[in-house]
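# Structural overview
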Amino acid sequence: QLQLVESGGGLVQPGGSLTLSCLASGFNLDYYAIGWFRQAPGKERERVSCISSSGGSTNYADSVKGRFTISRDNAKKMVYLQMNSLKPEDTAIYYCAAEYGQAMCVIYAMDSWGKGTLVTVSS
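Before going into details, it helps to say that this report is about the structure given with it. Computed from a prediction, not measured in an experiment: that's the story for all the values here. (Residues numbered from 1 in each chain as written. Predicted model: local features only at pLDDT ≥ 70, side-chain atom pairs only at ≥ 80, totals over all residues. Heavy atoms only, no water.)

## Observations regarding the pattern of salt bridges
- Enumeration according to the criterion identifies four salt bridges in this entry.
- Here R38 and D90 are joined by a salt bridge, their closest N and O atoms 3.0 Å apart. Taken together, the residues span a long stretch of sequence, with R38 in strand β4 (residues 32-39) and D90 in the loop between β8 (78-83) and β9 (92-100) at a distance of 52 residues. For the pair shown, R38 and D90 are each scored as buried.
- Two residues, D90 and R67, come together in a salt bridge whose shortest N-O distance is 2.8 Å. Here D90, found in the loop between β8 and β9, pairs with R67, found in the loop between β6 (58-60) and β7 (68-73); they are 23 residues apart in sequence, far enough to count as distant. Assigned by exposure class, D90 and R67 land together as buried. (Salt bridge = Lys/Arg side-chain N within 4 Å of Asp/Glu carboxyl O. Helix = DSSP H or I, 4+ residues; strand = E, 2+ residues; numbered from the N terminus. Buried < 20%, exposed > 50% of the residue type's maximum accessible area, 1.4 Å probe, protein only.)

## A word on the pairing of β7
- The side-chain alternation of β7 yields one buried face, formed by F68, I70 and R72, and one unburied face, formed by T69, S71 and D73.
- Relative to β8, β7 runs antiparallel, the two being bridged by six bridges. Bridge pairing in β8 places T69 opposite Q82. (Pairing = 2+ DSSP bridges.)

Shown next, in the form of structure tokens:
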């Protein structure tokens, strides 16, 4: 089965930085777009960023543009989310998910999900 495992979450102060990693196994990462999503307490899950299977196209939620960067290394079967200038409102459980083919990382269309990693931004 397709498996995704997130890591890198933790406690960070406002204005700080954190890098999340997503390790993929059980499938050829070359054929999948990868998205990062997050869900804060009491709120619905939202898409944070998406990267195409080739890495040639990316997009970001307006709330994180200019602060977050998504990247991938297919040879290492890894996808990353570099988060800078973190704010308390970034606090959430962060998930990575995979979608086969020419994907747009729409929540209902994702094929596989990781179990998430918690990011807490607080003093």
